[in-house]
Amino acid sequence: TTKIAVFASGSGSNFQAIQEAIAHGEVNANIELVITDNPGAFVVTRANNFGIPVLELAPKTYENKAAYEAKIIEYLKEKDVEWVVLAGYMRLVGENLLAAYENRIINIHPSLLPSFPGKDAIGQAMAHGVKVTGVTVHYVDAGMDTGTIIAQGAVDVIEGDREGTEARVHTLEHALYTSTLKQLFEQ
Ligand code: GAR
């Protein structure tokens with residue numbers, strides 16, 4: 001059983017999908033810790049509901065990114081975390097954390113990378129008028145949504161239907177992230 005930490009900044013629907021897949025025996029992992037850079041985010045409520053420890057850290061209260069991530073690394077080591085799973089964590093990972101978990105940090109992004117990296121990828125795709133967008137799971141490197149791609153899936157964009165497109169993207173995210181984690185932690 002692989003010990004993982006999930007990092008999230010917002011709602012945490014991907015966190016919840018992962019935890020449910022673990023609870024159903026589909027993914028051979030255990031979420032030791034949820035870390036958020038956004039104290040009070042809804043992911044905190046979700047983690048509490050599952051009884052999973054949550055660390056709420058406000059980056060602004062640290063001198064710099066290195067100090068913020070040093071605190072994170074300390075908690076990850078204390079919990080013997082082996083893999084870091086980013087799920088809506090809206091922040092670049094710094095060099096110390098990357099070095100501590102080399103090739104052991106993955107992310108999900110709501111577009112077919114390398115198209116539409118960064119924030120509001122679904123809005124970017126719709127504004128561009130693409131007919132197909134999707135979801136990417138990838139290894140994390142120092143860039144913004146630039147690491148080696150592990151898995152992708154496509155979603156049709158219906159013009160003017162942001163809500164429906166968003167809903168289909170999120171549904172695919174939950175399925176693609178859990179199936180990717182299942183494979184990664186099987187070996
Ligand atoms: C997800 O759509 C995730 O792919 C995206 O944030 C959302 C978080 O939703 N991440 C990024 O855009 C990263 N660049 P959630 O909090 O409900 O899981």
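Residues numbered from 1 in each chain as written. Predicted model: local features only at pLDDT ≥ 70, side-chain atom pairs only at ≥ 80, totals over all residues. Heavy atoms only, no water.

The name given to the protein in an unreviewed UniProt entry is Phosphoribosylglycinamide formyltransferase, with Solibacillus palustris as the source organism. For the protein, the Function (unreviewed entry) comment in UniProt is given as "Catalyzes the transfer of a formyl group from 10-formyltetrahydrofolate to 5-phospho-ribosyl-glycinamide (GAR), producing 5-phospho-ribosyl-N-formylglycinamide (FGAR) and tetrahydrofolate." Under the Pathway (unreviewed entry) heading, UniProt states for the protein: "Purine metabolism; IMP biosynthesis via de novo pathway; N(2)-formyl-N(1)-(5-phospho-D-ribosyl)glycinamide from N(1)-(5-phospho-D-ribosyl)glycinamide (10-formyl THF route): step 1/1." (UniProt positions renumbered as here; feature names shortened; annotations may be inferred.)

J.: It is not clear to me how the site of the ligand should be interpreted in this structure. Could you clarify?
T.: By nearness alone, 13 residues border the ligand, and Gly12, Ser13, Asn14, His109 and Glu173 come closest of all. In this structure, an oxygen atom belonging to the ligand sits 2.8 Å away from a side-chain N or O atom of asparagine 14. A distance of 3.4 Å separates an oxygen atom of the ligand from a polar backbone atom of isoleucine 108. In this structure the site holding the ligand corresponds to the largest pocket. (Near = heavy atom within 4 Å. Polar contact = N/O pair within 3.5 Å; in protein donor to acceptor, adjacent residues only side chain to side chain. 1 Å grid on protein atoms, 1.4 Å probe; cavity = no way out; pocket = protein on both sides within 12 Å on 5 of 7 lines; lining within 4 Å. Sits in = over half its atoms within 2 Å of the grid points.)

J.: Would you take a moment to explain the packing of aromatic side chains for this structure?
T.: Two measures describe an aromatic ring pair: the distance that separates the ring centres and the angle between the ring planes. According to the stated counting rule, one finds five aromatic pairs in the structure shown. Look at phenylalanine 7 and tyrosine 89: their rings are 5.2 Å apart centre to centre, the planes differ by 75 degrees, and that puts the pair in the edge-to-face class. With phenylalanine 7 in strand S1 (residues 2-8) and tyrosine 89 in the loop between strand S4 (83-86) and helix H4 (95-100), this pair connects stretches of sequence that are 82 residues apart. Across the pair, exposure class does not vary: phenylalanine 7 and tyrosine 89 are buried alike. (Phe/Tyr/Trp six-rings, centres within 6.5 Å; stacked < 30°, edge-to-face > 60°. Helix = DSSP H or I, 4+ residues; strand = E, 2+ residues; numbered from the N terminus. Buried < 20%, exposed > 50% of the residue type's maximum accessible area, 1.4 Å probe, protein only.)

J.: I'm lost on the UniProt feature "binding site: N(1)-(5-phospho-beta-D-ribosyl)glycinamide" (unreviewed entry) in the protein in this one. Help?
T.: Following the UniProt record, one finds the feature "binding site: N(1)-(5-phospho-beta-D-ribosyl)glycinamide" (unreviewed entry) at Gly12, Ser13 and Asn14. Filtering the just-named annotated residues for those lining the largest pocket gives Gly12, Ser13 and Asn14. Here serine 13 shows up in helix H1 (residues 13-23). Filtering out sequence-adjacent residues up to four positions away, serine 13 remains in contact with Arg46 and His174. (Contact = heavy atoms within 4.5 Å.)

J.: Explain the UniProt feature "active site" (unreviewed entry) in the protein to me, please; I cannot follow it from the model alone.
T.: Mapped onto the present numbering, the UniProt feature "active site" (unreviewed entry) falls at His109. Locating histidine 109 in the fold gives a position in strand S5 (residues 105-109). Given the relative accessible area of 3%, histidine 109 is considered buried.

J.: Would you take a moment to explain the environment of threonine 45 for this structure?
T.: One can find threonine 45 in helix H2 (residues 42-50). Distance in space between the C-alpha atoms of threonine 45 and tyrosine 68 is 23 Å, their sequence separation being 23 residues.

J.: Which parts of the structure should I look at to understand the nonpolar core?
T.: For soluble globular proteins, the rule of thumb is that nonpolar side chains tend to be buried together. Counting 32 residues, the largest nonpolar core has Ile4, Ile31 and Tyr177 as its most contacted members. If you tally residues by element for this core, the top one is helix H6 (residues 162-184), at five residues. Excluding residues within four positions of it along the chain, tyrosine 177 makes contact with Asn14, Ile18, Val85, Leu86, Ala87, Ile106, Asn107, Ile108 and Val137. The next biggest cluster of nonpolar side chains, apart from the first, holds 20 residues, and it includes Ala5, Leu33, Leu55 and Val81. (Core = buried A, V, L, I, M, F, W, Y, C linked by side-chain atoms within 4.5 Å.)

J.: Please explain the pairing of S4 as it appears in this structure.
T.: Along a regular strand, successive side chains alternate from one face of the sheet to the other. Burial along S4 is two-sided: Trp83 and Val85 facing one way and Val84 and Leu86 facing the other are all buried. Taken together, the four bridges between S1 and S4 define a ladder with parallel strand orientation. Residue pairing in the sheet places alanine 5 in a bridge with valine 84 of S4. Relative to S5, S4 is paired through three bridges, and the arrangement is parallel. Considered in S5, the bridge of valine 84 is made with isoleucine 105. In this view, the connection linking S4 to its parallel neighbour S5 by way of H4 has right-handed handedness. (Pairing = 2+ DSSP bridges. Right-handed = clockwise from strand over helix to strand, strands pointing away.)

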